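# Coordinate analysis (summary)
The primary structure of each chain is shown beneath.
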Amino acid sequence: MPLYDQVELLCQAITSQATAEVDQVLARAREEADRRVVEAEAGRQEALARTKAEVEAQAKLSARNLIDRAELEGKRRVSQTKETWLTEVFGQAQAQLQAFRDTAGYRDWLRATLLGALQQLEGEDFRVMAHPEEEKWLAPDLLGEVSAEQDCHLAWAPDPDLPPGGFVVIRADGRVRIDQTFAGIIERQRETLRAETARQLWGD
């Protein structure tokens, strides 16, 4: 066979082998590409599922937070409303106590309360302090009656800084005092009065 023909056959064989190898490479490349596409799709679906779960969890958390905030705000408003009512009730009670000063029973209350306060104190000399308006009730005749009954000396001492209604009795040495002003009595019993008022208004 001429040399030319042999070279031609060799070239054909090489070309055929190269083509076959290229086809194999392309086939493997297509398989790898397909595999990667499948993996990528699976990853995408997994990411979507994970994102969906995270979004749902975040949505539930946000909803829970909104509910919690709404509940707290509701409780705050209820508490604020109750406090407003209690303030009004205490205001009405104080107004009624002030009105009590204009009744005949106020002098008797002062006398009985002053006697009770003196029985808790030791000594013979005391000052009876009250707002200047109280002088028309804590008059010399009432103080004289109580002094005689308790066998002690009572001195009247007006004090404009004290609230109207009731009095403060102080031992002469100033070391012991009993506050029987309306404001003092209410303050000492405030928590008890608040609890009882709340129970009657709301059943708390």
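Everything here concerns the structure above.
Now for a quick tour of the structure. (Residues numbered from 1 in each chain as written. Predicted model: local features only at pLDDT ≥ 70, side-chain atom pairs only at ≥ 80, totals over all residues. Heavy atoms only, no water.)

### With respect to the pattern of salt bridges
- Summed over the entire model, instances satisfying the criterion amount to 14 salt bridges.
- A salt bridge links Glu133 to Arg101; the nearest nitrogen and oxygen atoms lie 3.1 Å apart. Of this pair, Glu133 sits in the loop between β1 (125-130) and α3 (140-150) while Arg101 sits in the loop between α1 (3-100) and α2 (105-119), and the two are 32 residues apart along the sequence.
- Using a relative accessible area of 42% as the deciding quantity, one classes Glu133 as partly exposed.
- You can call Arg101 buried: its relative accessible area is 8%.
- For Arg107, the salt bridge goes to Glu145, with nearest N and O atoms at 3.2 Å. With a gap of 38 residues between them, Arg107 in helix α2 and Glu145 in helix α3 connect regions that are remote in the sequence.
- Taking the relative accessible area as the measure of exposure, Arg107 reaches 25% and is therefore partly exposed. (Salt bridge = Lys/Arg side-chain N within 4 Å of Asp/Glu carboxyl O. Helix = DSSP H or I, 4+ residues; strand = E, 2+ residues; numbered from the N terminus. Buried < 20%, exposed > 50% of the residue type's maximum accessible area, 1.4 Å probe, protein only.)

### So, the sheet that holds strand β4 (residues 177-179)
- The sheet built from 4 strands is open, its strands ordered β2-β1-β3-β4 with mixed pairing. Both edges of this open sheet fall to β2 (153-158) and β4, since each of them pairs with a single strand only. Each neighbouring strand pair of the sheet contributes to a mean axis angle of 20°, computed without reference to strand direction.
- Looking at chain direction, strand β3 (residues 168-171) and β4 are connected through 3 bridges and run antiparallel. Looking across to β4, one finds that Val169 is bridged to Ile178.
- Packing against the sheet, α2 makes contact with β1, β2, β3 and β4, and its axis sits at approximately 30° to β3.
- Here α3 sits on the sheet in contact with β1 and β2, set at roughly 150° to β2. (Pairing = 2+ DSSP bridges. Axes fitted to C-alpha atoms, helices over the stretch in contact; angles between N-to-C directions. Contact = heavy atoms within 4.5 Å.)

### Considerations on the nonpolar core
- Ranked by size, the top nonpolar core spans 21 residues in total, and within it Leu114, Leu118, Leu138, Leu154, Phe167 and Val169 carry the most contacts.
- The leading source of residues in this core is α2, at 6 residues.
- The residues touching Leu138, leaving out its near neighbours within four places in the chain, are Leu110, Val128, Ala130, Leu143, Trp156 and Phe167.
- Judged by nonpolar contacts, the second largest core, of 5 residues, contains Met129, Ala157, Leu162 and Ile170. (Core = buried A, V, L, I, M, F, W, Y, C linked by side-chain atoms within 4.5 Å.)

### Some words on the packing of aromatic side chains
- Under the counting rule described, the total for this entry stands at 5 aromatic pairs.
- Here the aromatic rings of Tyr106 and Trp109 are separated by 6.1 Å at their centres, their planes lie at 10°, and the arrangement is stacked. In this pair, Tyr106 and Trp109 are both assigned in helix α2, 3 residues apart and thus about one turn of the helix distant.
- Exposure remark for Tyr106: the relative accessible area of 0% places this residue in the buried category.
- Relative to Phe182, the ring of Trp109 has its centre 5.4 Å away and its plane inclined at 55°; by these criteria the two rings are tilted. Taken as a pair, Trp109 in helix α2 and Phe182 in helix α4 (residues 182-188) lie far apart in primary sequence, 73 residues in all.
- Taken together, the ring pairs connect Phe100, Tyr106, Trp109, Trp137 and Phe182 into an aromatic cluster. (Phe/Tyr/Trp six-rings, centres within 6.5 Å; stacked < 30°, edge-to-face > 60°.)

### Notes on a nonpolar patch on the surface
- Together, Trp85, Leu201 and Trp202 make up a nonpolar patch on the protein surface, roughly 300 Å² of accessible area in all.
- Inspection of the secondary structure assignment puts Trp202 in helix α5 (residues 190-202).
- Residue Trp202 is classed as partly exposed on the basis of its relative accessible area of 31%. (Patch = residues over 30% accessible without salt bridge, like charges linked within 9 Å, V, L, I, M, F, W, Y side chains within 5 Å. Areas by Shrake-Rupley, 256 points an atom, 1.4 Å probe, with all protein chains shown as cover.)

### Description of α2
- Taking 1.5 Å as the rise per residue, α2 with 15 residues should run 21 Å; its terminal C-alpha atoms sit 21 Å apart, in good agreement.
- Considered for burial, the residues of α2 that qualify are Tyr106, Leu110, Thr113, Leu114, Leu115, Ala117 and Leu118. (Expected span 1.5 Å × (residues − 1).)

### Quick notes on α3
- Of all the positions in α3, only Leu142, Leu143, Val146 and Ser147 are classed as buried. End-on view of α3: buried residues confined to an arc of 135°, all on one side of the axis. The exposed set on the far side of α3, more than 90 degrees from its buried face, consists of Pro140 and Ala148.
- Those residues of α3 hidden inside the fold are in contact with α2, β1 and β2.
- Two residues or fewer past α3, Asp151 is found with a positive phi of approximately 55°. (Arc of directions from axis to C-beta.)

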